[in-house]
Amino acid sequence: MTTLLTIDGLVASPQAWTLQDLQSLPQEIQAPNVTEKIPDRKGAGLTLQGILDLVQPTIGDFWITFHASHDDFASSIPADPTVIETGIVIYALDGAALPVEKGGPTRFVIPNPAACQTEELDECANVKFLDRIEITSERGRDTRPTNDEEHAALHDDDH
Ligand SMILES: Nc1nc2c(c(=O)[nH]1)N[C@H]1C(S)=C(S)[C@@H](COP(=O)(O)O)O[C@H]1N2
Ligand SMILES: [Mo]
């Protein structure tokens, strides 16, 4: 089975999960119906808190970098309580792997993101095509747009 999501960097227990692995992870870290937590999102996911509990970052103040190799996109955000407590990685839809049209192999979502380019936790941080989460001590790779032109180009690309 294909690996959908890898977690590495400064963690005690790095992971490489297939759909089956993800589905077999403990109930406590599953969000079986993401819509209950984030109304405009669908699917089954893992809580970011649960993922971090499993991989055990080896430092306290870390950065979380979400990598999407499909379109070579990345977003790096500080591990603050809001993102840890509310972030979800969606990995399945109707019992099957999340298709690329829905942002698969996995997709990171946060509730109520700020408008793109306004804050660290903005809509752009809702990384689609997520296949790797990396834990670092400093800001990692971040390809999010830094101006309106870049942002518009990104939106032209994805439709
Ligand atoms: N991999 C990847 N993720 C991405 C983007 C992208 O271009 N590539 N665009 C971002 C931007 S700018 C926005 S506004 C949201 C849009 O996703 P949504 O329509 O599902 O909210 O995805 C974000 N995640
Ligand atoms: Mo955006």
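Fair warning: this is a prediction, and the values are worked out from it, not measured in the lab. (Residues numbered from 1 in each chain as written. Chains lettered and ligands numbered in written order. Predicted model: local features only at pLDDT ≥ 70, side-chain atom pairs only at ≥ 80, totals over all residues. Heavy atoms only, no water.)

## Some thoughts on the overall build of the chain
Applied cut-off: For helices the rule is a DSSP run of H or I covering at least 4 residues; for strands it is a run of E covering at least 2, with both sets numbered from the N terminus onward. Put simply, the radius of gyration uses C-alpha atoms, and a globule should come to 2.2 Å times the residue count raised to 0.38. Shrake-Rupley sampling with a 1.4 Å probe provides the accessible areas, and residues are treated as covered by the protein chains on show and by no other component. Charge counting follows a simple rule: Lys and Arg are positive, Asp and Glu are negative, and His as well as the terminal groups are ignored. Working definition for charges: the position is that of NZ of Lys, CZ of Arg, CG of Asp or CD of Glu.
A tally of helices and strands in the chain yields four helices and 10 strands. Written out in order from the N terminus, the α and β elements of the chain read β-β-α-β-β-α-β-β-α-β-β-β-β-α. Relative to the 2.2 N^0.38 estimate, which gives 15 Å for 159 residues, the radius of gyration of the chain is 15 Å and therefore close to what a compact globule would have. Each principal axis of the C-alpha atoms in the chain carries an extent, and together these give about 40 × 35 × 30 Å. With the model as given, the accessible surface of the chain reaches about 8,200 Å², and the carbon-plus-sulfur share is 48%. If you average the places of the 10 positive and of the 27 negative side-chain charges in the chain, the two averages end up 4 Å apart.

## Structural notes on the site of ligand 1
Here is the rule: Residues are counted as near a molecule or strand when any one of their heavy atoms sits within 4 Å of it. Identification of polar contacts relies on pairs of N or O atoms within 3.5 Å, with a donor-acceptor requirement for protein atoms, meaning one able to donate a hydrogen and the other able to accept it, and with residues adjacent in sequence counted only if both atoms are side-chain atoms. Polarity classes work like this: nonpolar for Ala, Val, Leu, Ile, Met, Phe, Trp, Tyr, Cys and Pro, charged for Asp, Glu, Lys and Arg, and polar for all others, with Gly in that last group.
In the vicinity of ligand 1 there are 15 residues, among which Arg41, Asp71, Arg107, Asn126 and Lys128 approach most closely. Between ligand 1 and the protein, one listed contact pairs a nitrogen atom with a backbone N or O atom of asparagine 126 at 2.9 Å. The separation between a nitrogen atom of ligand 1 and a polar main-chain atom of lysine 128 is 2.9 Å. Protein chains bury 86% of the 530 Å² of accessible surface belonging to ligand 1 in isolation. With three residues, helix H4 (residues 148-157) is the largest single contributor of residues to the shell around ligand 1. Of the residues that constitute the shell around ligand 1, the class distribution is seven nonpolar, three polar and five charged.

## Remarks on the pairing of strand E4 (residues 44-47)
Here is the rule: Paired strands are those between which DSSP finds at least two bridges.
Pairing of strand E3 (residues 30-31) with E4, which is carried by two bridges, proceeds in the antiparallel orientation. In the strand pairing of E4, glutamine 30 is matched with leucine 46. Two elements, E4 and strand E7 (residues 88-93), share four bridges in a ladder whose sense is antiparallel. Looking across to E7, one finds that threonine 47 is bridged to isoleucine 88.

## Notes on the sheet that holds strand E10 (residues 132-136)
Which entries qualify depends on this criterion: Only C-alpha atoms enter the line fits that serve as axes; for helices the fit covers just the stretch in contact. Angles between N-to-C directions range over 0 to 180 degrees. Between two residues, a contact is recorded if the distance between any of their heavy atoms is within 4.5 Å.
Strands sit in the order E2-E1-E10-E5-E6 across an open sheet of five strands; the sheet is mixed. Only two strands of the sheet have a single neighbouring strand rather than two, namely strand E2 (15-18) and strand E6 (73-78). Along the sheet, successive strands turn relative to each other by an average axial angle of 15 degrees, direction set aside. Bridge count for strand E5 (residues 63-68) against E6 is six bridges, and the pairing is antiparallel. Bridged to phenylalanine 66 within E6 is serine 75. Those strands touched by helix H2 (residues 48-55) are strand E1 (3-9), E2, E5 and E10, and its axis lies near 130 degrees from that of E2.

## Side note on the pattern of salt bridges
Convention followed: Here, a salt bridge means any Lys or Arg side-chain nitrogen found within 4 Å of an Asp or Glu carboxyl oxygen. The classification of residues rests on relative accessible area computed with a 1.4 Å probe and restricted to protein chains. Under 20% of the type maximum is buried, over 50% is exposed, and intermediate values are partly exposed.
If you walk through the whole model with that rule in mind, you get eight salt bridges. Two residues, arginine 132 and aspartate 8, come together in a salt bridge whose shortest N-O distance is 3.0 Å. Within this pair, whereas arginine 132 is found in strand E10, its partner aspartate 8 is found in strand E1, the two being separated by 124 residues in sequence. According to the relative accessible area criterion, aspartate 8 is partly exposed, its value standing at 21%. Arginine 139 is the salt-bridge partner of aspartate 142, the closest N and O atoms lying 3.0 Å from each other. For aspartate 142, a relative accessible area of 27% translates into the label partly exposed. A cluster of three or more residues bridged by salt bridges with shared partners is formed by Glu120, Asp122, Arg139, Asp142 and Arg144.

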